[in-house]
Amino acid sequence: MSTIRVAKAGISTTVQDGGRLDLRHLGVVVSGAMDLLSYEMANLLVGNDAGAAALEMTCLGDTLEVSADTLIAICGADMNPLFVDRNNASYCVPQNRPVLIRSEGRLRFGTAREGFRAYVAVAGGVDVPIIMHSRSTYLRAGVGGFQGRILKTGDLLPIGSAPAKANNIKQRLLRFDDSSKSLAAPSWFVRVFDPPTEGTVRLQVIPGMHFHELEDASQNAMFADSFQVSASSDRMGYRFNGPKLKSLSSQELLSEGITIGTIQLPADGDPIMIMSDGAPTGGYPRIAHIASVDLPLAAQIRPGQTLNFSPISVAAAHQKLFSQRKLVKQITNTFELWIDGTIP
Amino acid sequence: MNLPAIEPMGDTGLLVAWEGLSDQVALQHVQSLALAVRRSTIPGIVDVVPAFASLTIHYNPWQIGLSEFEGSIRELISRMDLQVNLPSRSIELPVCYDSEFALDLDDVSKLLGLSTREIIRLHSEAEYVVQMIGFAPGFPYLAGLPKELCVARRGVPRVEVPAGSVAIGGKQTGIYSLATPGGWQIIGRTPQRLFLPELDPPCLLQAGDRVRFVPITRQEFNDWHART
């Protein structure tokens, strides 16, 4: 079995897959990639099965030691990845496409300059044990992923054996062969959405059960004003600073099952949004839920960035989600044709 | 028949919530519907999360649209049979009420004007029902606390409550399945792990289970740990 060594750990890199959607009734958090779309694309581009585990790097990435003949794909945030080969020659590593690393060397990620979370898939996937139906890291419980924790310098990540499709992709890439180069990659790239750089991000939300219990001024502020993502935001949830929202009802609520993207309003008036590591139940008023189509975008928002919310109905949110899936399907089909050599 | 409110929980969930029911009746409604949904052939169901007086049903919008999904759930509710005997397991949990573990037992004793021995007797003689699992993996919210033991939560929550701590707060009792922050009054500790990630299902308890606490000595607590 091949391995990848973490030569220098980033700030908060974890092993993630699609998460544990079906254990919320037992209080188990979902975990999994925050930006499931970039995670899915990265796996697709190296020929992995949809559920293979990848690395999620947040804010500042790692330096990884990789062996020759490693097929990778990087999607999501741009952390200015560089490959430094044995002879100390360095190359920019292109994103959103398959990249075959042909000599051993170091893959170095810097600070995210666009987006916040980068996904690194390796052909064969990160082969950590499956725990509770998933390879995702459950940080709070210290289980799953790589030893239940954030990666540290010196960790040796086991990599599974590459699927047949990965080998086809490698063969296809070698047709671009320029034997002097340490990397082989196509000139095309795929992109389902653009991670936010600066300026205001718009997130579409479905009003929640308690939205209409907000004071009129707060209902208006929710959609007219901007909110800033606080620095204390993480995989459990985001805090927003902006207009203080007030509820007309002071009734204490019982805990109920909530979902990823649920925006709750604690008594201090600053909304909080549940993300992938957030508890599956909550007892604060639910003022809105991020439309699923925008969750990948929400995952890429940088702390300090501003955003506004715009309302959307469930039916319209489903339609947008279907359009997004259609785009993914088109990319998948086109990629298959490229692997076959049907298209250049 | 008390008809619940049905509301979308974003674009991948549906919340069914009852109002004005006693704990016991709410539990019966929630459990009956949870069972009916799990046994149904409605496509696209991802998870069914019972809470005190509500059920959140997570669904996959690729497989079913909202109106069809909501219609199917309404139909299940209209056909729901509350008379049916719900499957319920009976589970005994050992608890050591030794002062080393029962961090708040003396405070609770003062607050309630009951001796610690009386508190232990009342707490371990009652039968409880798991209303929901939440807050942390495998953390049971248990109904059935004798009213003599209803007590305010701690003024200042603890930053970290040791795993296994058995605690009371308000009219409920529960067990901290992981070391987490917490504000309930701790009156003992169980050596039995509640969160078992290596097993399937990964939690000892589930909503609807009946639970009794069996007092054990400090020595028995140690022996249990030595065995497992």
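Heads up: the structure comes first, above all this text.
Residues numbered from 1 in each chain as written. Chains lettered and ligands numbered in written order. Predicted model: local features only at pLDDT ≥ 70, side-chain atom pairs only at ≥ 80, totals over all residues.

Here we come to the overall build of chain A. Broken down by element type, chain A carries 5 helices and 21 strands. The C-alpha atoms of chain A give 21 Å as radius of gyration, which agrees with the globular expectation for 344 residues (20 Å, within 12%). Taken along the three principal axes of its C-alpha coordinates, chain A extends 70 × 40 × 35 Å. Of the contacts made within chain A by residues no fewer than 6 positions apart, 78% connect residues no fewer than 24 positions apart. (Helix = DSSP H or I, 4+ residues; strand = E, 2+ residues; numbered from the N terminus. Rg over C-alpha atoms; globule rule 2.2 N^0.38 Å. Contact = placed C-beta atoms within 7 Å.)

Residues and elements named next belong to chain A. Burial of strand β8 (residues 98-101) is two-sided: the residues Pro-98 and Leu-100 facing one way and the residues Val-99 and Ile-101 facing the other way are all buried. Where strand β5 (residues 70-78) and β8 come together, 4 bridges link them in antiparallel fashion. Paired with Ile-72 across the two strands is Val-99, which belongs to β8. Sheet analysis places β8 next to strand β12 (residues 183-184), joined by 2 bridges and oriented antiparallel. Bridge pairing in β12 links Ile-101 to Leu-183. (Buried ≥ 20, exposed ≤ 12 C-beta atoms within 10 Å, placed from the backbone. Pairing = 2+ DSSP bridges.)

Residues and elements named next belong to chain B. As paired elements, strand β6 (residues 128-133) and strand β7 (residues 140-143) share 4 bridges and run antiparallel to each other. Looking at β7, one finds that Ile-133 is bridged to Pro-140. In this antiparallel pair of consecutive strands, β6 and β7, the connection spans 6 residues, and Phe-135 shows a positive phi of 70°. Note that β7 and strand β10 (residues 172-175) share 2 bridges and pair antiparallel. Paired with Leu-142 across the strands is Thr-173, a residue of β10.

Residues and elements named next belong to chain B. The 4 strands lie next to each other as β1-β2-β4-β3, forming an open sheet whose pairing is antiparallel. Both outer strands of the open sheet, β1 (5-8) and β3 (45-50), are each paired with one neighbouring strand and no more. This sheet shows a mean twist of 15° between the axes of neighbouring strands, independent of strand direction. Here strand β2 (residues 13-17) pairs with strand β4 (residues 54-59) via 5 bridges, running antiparallel. If you follow Leu-15 over to β4, its bridge partner there is Thr-56. Where helix α1 (residues 23-39) meets the sheet, its contacts fall on β2, β3 and β4, and the angle it forms with β3 comes to roughly 165°. (Axes fitted to C-alpha atoms, helices over the stretch in contact; angles between N-to-C directions.)

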